[in-house]
Structure formats: structure tokens, C-alpha cells
Amino acid sequence: MKRHTYLASLLCTLIAFSGTSCDNPGEPQFENDEFTSVLYLKNNNQVEVDFYNVNEDVTFSTAIGKGGTNPAIARNASLAVFTQEELDAYNTENATNFIMLPSNYYEFDKDYTFDESTESQNVNITLKASIGTLEQNKQYVLPIRLESPEYSIKKDKSTLILLPKVFTPTISLGTSGILPIISFSIYDDAVTTAQCPLTLNLDVANSKWNFGVTYETDKEILEAKVAQFAAESGENYTLLPAENYTLPATSFNAESNKEVKIDIDRTGLSSGEYLLPVILKDVTGMPFNVSSDKIGYVHVRISNKITLNINDLYANSNENDQSLPAIINGSADDNGWQSMWYAPELDKPACDPKYGIYIDIKDVKNISKIARLVLSIKTTHNNPKHIQFYAGNSVDDLRLIHENENCYPDSGSKKTYDTGNLETGNVSMIRIALITNTNNIDMRTLEFYSGNYIHNVALSEIELYGE
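Calculation notes
Throughout, residues of each chain are indexed from 1 in the direction in which the sequence is written. At least 70 in pLDDT is required for a residue's local features to be given in this predicted model, at least 80 for side-chain atom pairs to be given and counted, and no such filter applies to totals for whole chains, interfaces and linings, which use all residues. Hydrogens are left out, water is left out, and the side-chain values use all remaining heavy atoms of the structure. Only DSSP runs of H or I reaching four residues or more are called helices, and only runs of E reaching two or more are called strands; each is numbered from the N terminus. In this description the radius of gyration comes from C-alpha coordinates, and the expected globular size is given by 2.2 Å times residues to the power 0.38. Relative accessibility under 20% of the residue-type maximum defines a buried residue, over 50% an exposed one, and the middle range a partly exposed one, all with a 1.4 Å probe and only protein chains included. Should any heavy atoms of two residues lie within 4.5 Å, those residues are counted as being in contact. All accessible-area figures derive from a Shrake-Rupley calculation using a 1.4 Å probe, and residue coverage is judged against the displayed protein chains alone. For the purpose of charge, His is not counted, nor are the chain termini; Lys and Arg are scored as positive and Asp and Glu as negative. Taken as the charge centre is NZ of Lys, CZ of Arg, CG of Asp or CD of Glu, depending on the residue. Buried residues of nine kinds, namely Ala, Val, Leu, Ile, Met, Phe, Trp, Tyr and Cys, make up a nonpolar core once their side-chain atoms join them within 4.5 Å. Two kinds of site are reported from a 1 Å grid over the protein atoms alone, namely cavities, where a 1.4 Å probe fits but cannot get out, and pockets, open sets with protein on both sides within 12 Å along at least five of seven lines, and residues are called lining when an atom falls within 4 Å of a point. Grid points are joined across faces, edges and corners, and a volume is the space filled by probe spheres set on the points. Amino acids are sorted into nonpolar (Ala, Val, Leu, Ile, Met, Phe, Trp, Tyr, Cys and Pro), charged (Asp, Glu, Lys and Arg) and polar (every other residue, Gly among them).

Remarks on the overall build of the protein chain
Of the regular secondary structure elements, the protein chain holds three helices and 35 strands. A compact globule built from 467 residues should have a C-alpha radius of gyration of about 23 Å, whereas the protein chain, at 42 Å, is more than 25% larger. If one aligns the C-alpha atoms of the protein chain with their principal axes, the spans along those axes are about 140 × 50 × 35 Å. Across the 467 residues of the protein chain, 43% fall into the buried class. Once local pairs closer than 6 in sequence are excluded, the contacts in the protein chain between residues at least 24 apart make up 76%. A total of about 24,600 Å² of accessible surface is found on the protein chain, and carbon and sulfur atoms cover 46% of it. The positive charge centre, built from 36 side chains, and the negative charge centre, built from 62, are 3 Å apart in the protein chain.

A few points about unusual backbone geometry
Phi at Asn366 is positive, roughly 70°, even though this residue is not glycine. Take Asn366: its relative accessible area is 39%, and that puts it in the partly exposed class.

Quick notes on the nonpolar core
Ranked by size, the top nonpolar core spans 43 residues in total, and within it Ile171, Leu200, Phe211, Ile262, Ile264 and Val298 carry the most contacts. Setting aside residues up to four positions removed in sequence, Ile264 forms contacts with Ile182, Phe184, Thr192, Thr193, Ala194, Leu240, Asn244, Tyr245, Val298 and Val300. Within the second largest apolar cluster, 36 residues are counted, among which are Ile357, Ile387, Met443 and Leu464.

So, the side chain of Ser172
Mapped onto the elements of the fold, Ser172 is located in strand 12 (residues 170-173). Setting aside its immediate chain neighbours within four residues, Ser172 contacts Thr199, Leu200, Asn201, Leu280, Ser291 and Lys294.

Notes on the layout of surface pockets
There is about 540 Å³ of room inside the largest pocket. Lining of the largest pocket is provided by 27 residues; of these, Phe184, Ser185, Ser303, Lys305 and Tyr465 occupy positions nearest its centre. Sorting the residues of the lining of the largest pocket by element identifies strand 14 (182-185), strand 21 (272-278), strand 24 (296-303) and strand 35 (461-466) as the ones contributing at least two each. Element by element, the count of residues in the lining of the largest pocket is highest for strand 35, at five residues. Of the residues that constitute the lining of the largest pocket, the class distribution is nine nonpolar, 10 polar and eight charged.

Set out below in C-alpha cells:
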């Protein structure tokens, strides 16, 4: 009996403390304390919301739940946004630097009614698309507090602070840095235009967005980029003039990747190395970013290379030499030319006592006073070593204009020999005289070797430039 008396006394004490009556201990009235009907937020404290900046509202869904010893009670609840003073206090207490999201950037129902059968109420908070226009280096938040004039509120589940994490899709070039060379010859009027392909990429999947992309065209900005690139690379580049290229009108139609082509026209350009920095400037139609620090450099080379054909060539090593076209095909590979090394019908190797094995470039056009030759080798066992270049208007007035007795000292790694500019005067033919090969075999005094084998000489490519 003493134990029962003690419990009854304790119960009356608790009721008295809560401001209720102990007149009828069999039916306690707890409507104002935490043991009757309690409200709480399903999501609470700080919650990050991924906000894709794509001109669309984002909806965050949560709920207000009801519980307690007597959840059948019908009551009202509301959601209230923190005051600035409350947010300041929260920042101080939690060492944060949150900024209040302005009221025109969100929308939600503030009042909710719970009847006896309602256990929860859905809450949909709309974060407006315009959030994407706010400064993205600041953390804006929507701090919400759950309130009720009748219900108890579970303290540790009474606040919700939404943190919109803004992610803005970005367009960038698929390839940056120097792009493959587009070469033109000022002497080739048949080829004066070309296209440079580029790929643009969106960094998220795109199934519905249509937008456009624009490019930087400010001359001062482009010149500065070219100057910077030239200084870093140690090369001499000039900005490709605006009249020599056309940037494409670029639109994405529910695409994540887009290939575009820049039209290049060499008309009016003198010989030299030109660069066009391709810089994405802006996006139209969507609030997307562009990666302006990822730059593609269109490299246009205007050379004074003279286009040669087989009718321009003659080699003394063999009449009707079938391998001669291989040295003017633009590919310095092993499919080049070599002088004849064996023929059973020969009594002696073909060679000239002065010029050795030689190749004539006949009917030279577009050379008024300066020429330049570039010779590439194809192997390492029969490369030329001692070479001479002659120029003139016929075989009777050829004069020596260049000579090198060891033109490929490191043939294993450097397979190209460039004469640089040569003063030729007005000429109509050039003779490339191959005097010795890498084995020091003299091409002017060739003899049959054992088994009718003839020491020979080979080239991979000949390039002729003129002014």
C-alpha cells in the first residue's frame, strides 16, 4: 500500500508542476506538454539541395509528422522563416556564414491543419529558378522553424535549413592547346580553303535543352592570347585575321556534344605561322557557363612550298623510275625513293662522274631569287651524306649554291635536312646531287659489287620552297 500511495503522490506532483489539476487522477490533461500531441519535421537541421541552374524551379519535399500519447487531437501548425536576428544567432553559434535567401526566391504553404485522422502533412518547398542568378560564391539558405499554438514541438526536429547547392552546367572545348596544322602553299591556287573541326561538350546529360554558344571575337583579347602562347612556346605566331576565318553559328538541340567546323580561307595571307585562339564566350538561351580558360589554337601555316608532280622530276639512276612519285607525296615514310641497286642487264651502274646520283627538279616555277630545300631520309643504311645543290636555267649553266658533307650526322633521330633559304637568282631548274651515302660510298664512281649488287642512296621526301 505504501508503494501505491507514493506513486499517486508523485503523479499529482507532476501534474501540479505542469499547471494541471489532480482532481481526477484517472483522466490526466497533458495538452500543453510533450507527452500529448507532438509535431516534428521529417527533415531537420541543415539539408543540402542539388540545384541545377537550368531555368527550372526545384521542389524540395518533406513532411510534418504528428505523434505523442494522444495524436488524435485536431490542431494547427505553421512554418515560419527565421528572422534575420535568428539567422545571425545561428551563424554565431555554428560558425557559419549563411545569407538569408530573399523571399522572392522561394515559395511554400505556411499553414497546416491536422484533423484527428491526419498523421502527417506533406510540405513542398519551391526554390525558384532565379536562384541561379545569385552570387554563387555565397551560401544562401532558407531557414524554417516549425510552430504551433496548441501542439508541442519536438525541439531537436523543429528547424530546417535548406542549402541550395547551385550547379551550373558548363560548355567546354573537347580539345585544347595547339590543333593540327592546316597548311597552304601560296603557290597552290587550287587549294585556298580548309576546315578545322572542333568538338564542344556539355558536362551533364542533355535531353531537352536548346541553347546557343558564342565565341570571343575581340581582337585585343585574341592578340593577347596569341602573344602569350608565342612567348610560352618560343615560336613566332601572328593572329589569323578576321577576314580569313568564319566561326560557325553553334546551337545545341537536346545534345550533350556538338561538332563544329571553322572555315579557313588563305586569300591575301603572306607566308608565315598564324594562330586563331578559339575561346568560348557565352551561352544564349540557358544560364550555362562556358569554360573560357580552355582554349583551342587553330594553327594555319602559309608556306611558299611549291607543289611538285612527277613530270617535274628526273633521276639519272634509272630511266622511267617508278619510285620517284613517292618522294613528293607529302609523307616522309619508308615508302620513298632509292636509286637503282641491281639490274642484270646493266654493264655498269648509272652514275655521273661529277654529280653522282642526282635528281633534277625541272621547269621550276615561282622562284625568282630565293629557294629552300628540305630532304627527308627513309632508312639508315643508304642515306645520303655528302650532298650538293645546283641551280640554273639549263644543264649547261648549273652553278653550285649549297653543299654539306655530312647532312645527317644523327640519322637515327633526325631524318630531315633543311638548307634554309638559298640565294638562287632567277632559275628554272635545281639539281640535287647525292655525292656519297652514309657508308662513304662515292656515288660518282660506282662499280658493281659482288653478286651484281650496287651501292645506292635513298630519300623519303623532297620539299621545295621558293620566293
